[in-house]
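Coordinate analysis (summary)
Chain by chain, the residues:
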Amino acid sequence: MQATTDLCPCCGKPRHIAHLLELYERNYRMLLRLLPLLDRHAPKQRSVSHTEHDCPLHLEVVERDRYTQTLRLTYEFTDDGGVRRQPDLWVRLYQDAAVAEALQCSQRPPWDAADDADPAAHAFLSAQWRRNLLLHKWLDYLLDRGHAFGAAPTLEALPA
């Protein structure tokens, strides 16, 4: 019998890389709804989405290449200890493949798997599931709360 952590949350079947890629595709479509006017060719950008039903959502375009963009989505909280970012998700959009991958940090760790039984591969894929499910659920919440980065004037260009 499969452990519940080895089951795909969307269909209940054993997890496969194809399920993870489908999650990446769904996240990409949701990000396009959240960021409909994001200029894929402009310099780095920073913006804040305000709604009356949620905290301000901060967006920063961290890196931009020909076919990819790395974004940072976060809430920022200021207290006596300074600024806390929570959740603090880094997301890479692959425009050519129309997928979005939640990253643990700005760079994805290298991974060389010998086969499906490789424990490092299993650990990596489990971590990918957790991060990308978090992104999916948070994007659903943000869209439900009315967040959007749709007005071009609110995007503030950062120095190159």
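A few points on the structure.

What about the nonpolar core?
The tendency in soluble globular proteins is for nonpolar side chains to be buried side by side. In terms of nonpolar packing, the biggest core is built from 22 residues, with L31, L34, L57 and L73 touching the most fellow members. Contributions of two or more residues to this core are made by α1 (17–34), β2 (54–64), β3 (68–79), β4 (82–94), β5 (99–103) and α2 (119–144). The greatest single-element share of this core, amounting to five residues, is contributed by α2. If near-sequence neighbours (up to four positions away) are discounted, L57 is found in contact with L34, S47, V48, S49, L73, T74, Y75, W138, L142, H147 and F149. One finds L23, Y24, V99 and W129 within the second-largest nonpolar core, a separate group that totals six residues.

Let's talk about the pairing of β3
Sheet analysis places β2 next to β3, joined by seven bridges and oriented antiparallel. The residue of β3 that forms the bridge with R64 is Q69. In textbook terms, the turn of a hairpin is the stretch between consecutive antiparallel strands, and for β2 and β3 this stretch comprises three residues. Both β3 and β4 contribute to a ladder of eleven bridges, which runs antiparallel. Across the sheet, the residue bridging to E76 is R85, located in β4. Between the antiparallel neighbours β3 and β4 lie two residues.

The rules behind these values
Residues numbered from 1 in each chain as written. Predicted model: local features only at pLDDT ≥ 70, side-chain atom pairs only at ≥ 80, totals over all residues. Heavy atoms only, no water. Core = buried A, V, L, I, M, F, W, Y, C linked by side-chain atoms within 4.5 Å. Buried < 20%, exposed > 50% of the residue type's maximum accessible area, 1.4 Å probe, protein only. Helix = DSSP H or I, 4+ residues; strand = E, 2+ residues; numbered from the N terminus. Contact = heavy atoms within 4.5 Å. Pairing = 2+ DSSP bridges.

Everything listed here is a matter of geometry and, on its own, says nothing about what the molecule does.
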